[in-house]
Amino acid sequence: QVQLVESGGGLVQAGGSLRLSCAASGGTFSRNAMGWFRQAPGKEREFVAAINWSGDTTYYPDSVKGRFTISRDNAKNTLYLQMNTLKPDDTAVYYCAARKYQGWSTGLHDYDYWGRGTQVTVSS
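Residues numbered from 1 in each chain as written. Predicted model: local features only at pLDDT ≥ 70, side-chain atom pairs only at ≥ 80, totals over all residues. Heavy atoms only, no water.

Student: Is there a simple way to explain the overall build of the protein in this structure?
Tutor: Regarding its fold elements, the protein presents 0 helices and 11 strands. Helices (α) and strands (β) of the protein occur, in sequence order from the N terminus, as β-β-β-β-β-β-β-β-β-β-β. Taken against the 2.2 N^0.38 rule, which gives 14 Å for 124 residues, the C-alpha radius of gyration of the protein at 13 Å falls within 12% of a compact globule. Scored against the burial criterion, the 124 residues of the protein give a buried share of 43%. Within the protein, contacts between residues at least 6 apart in sequence are counted, and of these 59% link residues at least 24 apart. Carbon together with sulfur atoms contributes 44% to the accessible area of the protein, which is approximately 6,500 Å² in total. In the protein, which carries 13 positive and 10 negative side-chain charges, the distance between the mean positions of the two groups comes to 4 Å. (Helix = DSSP H or I, 4+ residues; strand = E, 2+ residues; numbered from the N terminus. Rg over C-alpha atoms; globule rule 2.2 N^0.38 Å. Buried < 20%, exposed > 50% of the residue type's maximum accessible area, 1.4 Å probe, protein only. Contact = heavy atoms within 4.5 Å. Areas by Shrake-Rupley, 256 points an atom, 1.4 Å probe, with all protein chains shown as cover. Lys, Arg positive; Asp, Glu negative; His and termini not counted. Charge placed at Lys NZ, Arg CZ, Asp CG, Glu CD.)

And the structure:
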């Protein structure tokens, strides 16, 4: 059973940066595609970024493209999300997710394991 624990959230002013981390255990991290999702109050959970098993392929929606960067360190079993030029609309709980497969996906239901999330709040 894969376990995921996010960290690095917090309160930041608009225009600032945060780096989220997701520590994985209980599985073979290097074989899993990974993703980040977020959920704001009253809204559905939405896709933020995805990365394949080796880290050489990534994908972002237009809302974060050019501002967010997903990366992974398979030696440390850790996933990262570098968030720059943050906006108040980025305020949400951010979740790390893992697939059983090596290829990335944008689909919420394509992910098999989820962390509990970390709160990111961007003030204006």
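Having seen it, we continue.
Student: Quick question: what am I supposed to make of empty space enclosed by the protein here?
Tutor: To find the voids left in a structure, one rolls a probe of water-molecule size over its atoms. Under the criterion given, the structure shown has 1 cavity of 30 Å³ or more. Around the largest cavity, the lining residues are Val2, Leu4, Ala24, Ser25, Gly27, Thr28, Phe29, Asn32, Met34 and Ala98. In terms of residue class, the lining of the largest cavity is made up of 6 nonpolar, 4 polar and no charged. (1 Å grid on protein atoms, 1.4 Å probe; cavity = no way out; pocket = protein on both sides within 12 Å on 5 of 7 lines; lining within 4 Å. Points joined across faces, edges and corners; volume = space filled by probe spheres on them. Nonpolar A, V, L, I, M, F, W, Y, C, P; charged D, E, K, R; others polar.)

Student: I keep staring at the sheet that holds strand S7 (residues 68-73) and nothing clicks. Help me out?
Tutor: Where strands meet in a sheet, backbone hydrogen bonds hold them as pairs that are either parallel or antiparallel. Pairing is antiparallel in the open sheet, where 4 strands are placed in the order S1-S3-S8-S7. The open sheet has two free edges, formed respectively by strand S1 (3-7) and S7, since each of these has just one partner strand. Strand-to-strand, the axes of this sheet are offset by a mean angle of 15°, without reference to chain direction. Alignment of S7 against strand S8 (residues 78-83), held across 6 bridges, turns out to be antiparallel. The partner of Asp73 across the bridge, within S8, is Thr78. (Pairing = 2+ DSSP bridges. Axes fitted to C-alpha atoms, helices over the stretch in contact; angles between N-to-C directions.)

Student: Sorry if this is basic, but what is going on with the state of the cysteines here?
Tutor: The bond known as a disulfide is covalent and runs between the sulfur atoms of two cysteines. Taken as a whole and assessed by the stated rule, the structure comprises 1 disulfide. Through a disulfide, Cys22 is tied to Cys96; the S-S separation comes to 2.0 Å. Here the S-S torsion is close to -70°, and the disulfide linking Cys22 with Cys96 is therefore left-handed. With Cys22 in strand S3 (residues 18-25) and Cys96 in strand S9 (residues 92-98), the pair connects residues that are 74 residues apart, well separated along the chain. Of the two residues examined, Cys22 and Cys96, each falls in the buried class. (Disulfide = S-S within 2.5 Å.)

In short, geometric facts, not functional conclusions.
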